[in-house]
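# Chain and residue survey
Okay, here's what each chain looks like letter by letter:
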Amino acid sequence: NMKRILIVGPDFYNYNKSVQDAFASIGYETKVISYIENLVRYIDIIRYHYMPKIGVNSFFNGYKKKINMEIKNTFDRFLPDMVFVIKGGILDKDLLSYMDNTIKVLWMMDSVKNIKGIQNTINDYDYRLAFEKTDVEILNNNGVPTYFMPMGLDDAIYFPKYYKHKKIDITFIGALYDGRKEFLEKLIVDLKDYNIKVYGKYLSFKNPRTFLNYFIKGFRNSFTNKTISPNEVNEIYNNSKIAINIHHGQSVYGCNPRFLEILGSGTFQIVDDNI
């Protein structure tokens, strides 16, 4: 019989679908459950900054309970041989115990330090895979056997395309943390004669200066204040002469998916010294 695998992960740029396709290509029957990971972040913002003590916790707990029930019901119907969990902070300990006779694999696509709630359940998996070697060392030293597994790319999405004349000189695509913003702002000012494009959420109410830069200083010519689909990302990389890659602080010895996706597109990459 064909082996069955249930994939559970955050709804993040079609990664669940890419993982599903990879397992399907080696003969697994697959099913995916996606959940909204950023709900955790939005709830925290509301709780601490805007509307404290209005039952925000109960709202998040209700969503978490709903997702866990969906996973349990799907598990009962599908009867998988393996449950492959990406990040996993949303899964309850009781649910993992319920699936005790099935192989459970956790893939920590972020550092274990940044996955909310994972410390309570990390021992309930049969196998743990981490993209960051420092996490592997910390967990192994604490008696939690963990294996190093680098990030990957979906080569059905990221591949070279031919552009006779590339329109973009320098591009960056990704989350715009403060350090990245400062670096890219300086790049735009210092290399004002070059066509520099940055894709990500730049405008921030917590940082009014971004609105000044965007609307008064003309940064909107470089910053596109939105997230874009993986297929668009590949088009932009292919139409760029140089792609910039700046790692998050959690990456010490592990590379981010962007490192491999830019390689897959065949674009020249300038990357920081994490690799």
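Located above this text is the structure these notes cover.
This is a predicted model, so every value here is computed, not measured. (Residues numbered from 1 in each chain as written. Predicted model: local features only at pLDDT ≥ 70, side-chain atom pairs only at ≥ 80, totals over all residues. Heavy atoms only, no water.)

## A closer look at the layout of surface pockets
In this approach, a probe sized like a water molecule rolls over the atoms, and the result shows the empty space that is left. The computed volume of the second largest pocket comes to approximately 410 Å³. Surrounding the second largest pocket, 20 residues form its lining, Ser18, Val19, Trp107, Gly152 and Leu153 being those nearest its centre. Looking at the lining of the second largest pocket, the elements with two or more residues in it are α1 (15-25) and α9 (257-265). No other element matches the 5 residues that α1 contributes to the lining of the second largest pocket. Classifying every residue of the lining of the second largest pocket by side-chain character gives 15 nonpolar, 2 polar and 3 charged. (1 Å grid on protein atoms, 1.4 Å probe; cavity = no way out; pocket = protein on both sides within 12 Å on 5 of 7 lines; lining within 4 Å. Points joined across faces, edges and corners; volume = space filled by probe spheres on them. Helix = DSSP H or I, 4+ residues; strand = E, 2+ residues; numbered from the N terminus. Nonpolar A, V, L, I, M, F, W, Y, C, P; charged D, E, K, R; others polar.)

## Comments concerning the environment of Asp110
The residue Asp110 is located in the loop between β4 (103-108) and β5 (127-130) in this model. On the accessibility criterion, Asp110 (22% relative accessible area) is partly exposed. (Buried < 20%, exposed > 50% of the residue type's maximum accessible area, 1.4 Å probe, protein only.)

## A word on the nonpolar core
In this structure, Leu6, Val8, Ile71, Leu91, Met108 and Ile122 are the most contacted members of the largest nonpolar core, which totals 27 residues. Counting residues per element, the ones that place at least two in this core are β1 (4-10), β2 (29-35), α3 (56-78), β3 (82-86), α4 (93-98), β4 and α5 (133-141). The greatest single-element share of this core, amounting to 5 residues, is contributed by α3. Grouped together as the second largest cluster of nonpolar side chains are 17 residues, Val19, Val105, Met151 and Leu260 included. (Core = buried A, V, L, I, M, F, W, Y, C linked by side-chain atoms within 4.5 Å.)

## Some points on the side chain of Asn213
For Asn213, the position within the fold is in helix α7 (residues 209-215). Exposure remark for Asn213: the relative accessible area of 3% places this residue in the buried category. Of note is the side chain of Asn213, whose polar atom sits 3.4 Å from the side chain of Glu185. In contact with Asn213, other than residues within four places in its own chain, are Glu185, Tyr202, Gly218 and Phe219. (Polar contact = N/O pair within 3.5 Å; in protein donor to acceptor, adjacent residues only side chain to side chain. Contact = heavy atoms within 4.5 Å.)

## Here we look at the environment of Ile36
Tracing the backbone through its elements, the reader meets Ile36 in the loop between β2 and α2 (38-50). Ile36 gets classed as partly exposed once you look at its relative accessible area, which sits at 48%. Distance from Ile36 to Tyr63, taken between C-alpha atoms, is 9.3 Å for residues 27 residues apart in sequence.

## Focus on the sheet that holds strand β9 (residues 223-224)
The strand order β9-β8-β7-β10-β11 describes an open sheet built from 5 strands, whose pairing is parallel. Both outer strands of the open sheet, β9 and β11 (268-271), are each paired with one neighbouring strand and no more. Where strand β10 (residues 240-245) lies against β11, 4 bridges are found, and the strand directions are parallel. Each bridged residue has a counterpart across the sheet, and for Asn245 the counterpart in β11 is Val271. In the packing of helix α8 (residues 230-238) onto the sheet, contacts are made with β7 (168-173), β8 (196-199) and β10, and the angle to β7 comes to roughly 150 degrees. Helix-sheet contacts for α9 involve β7, β10 and β11, and the interaxial angle to β10 is about 165 degrees. (Pairing = 2+ DSSP bridges. Axes fitted to C-alpha atoms, helices over the stretch in contact; angles between N-to-C directions.)

## Concerning α1
Looking only at α1, the buried set comprises Tyr15, Asn16, Ser18, Val19, Gln20 and Phe23. Contact partners of the buried residues in α1: β1, β2, β3, β4 and α9.

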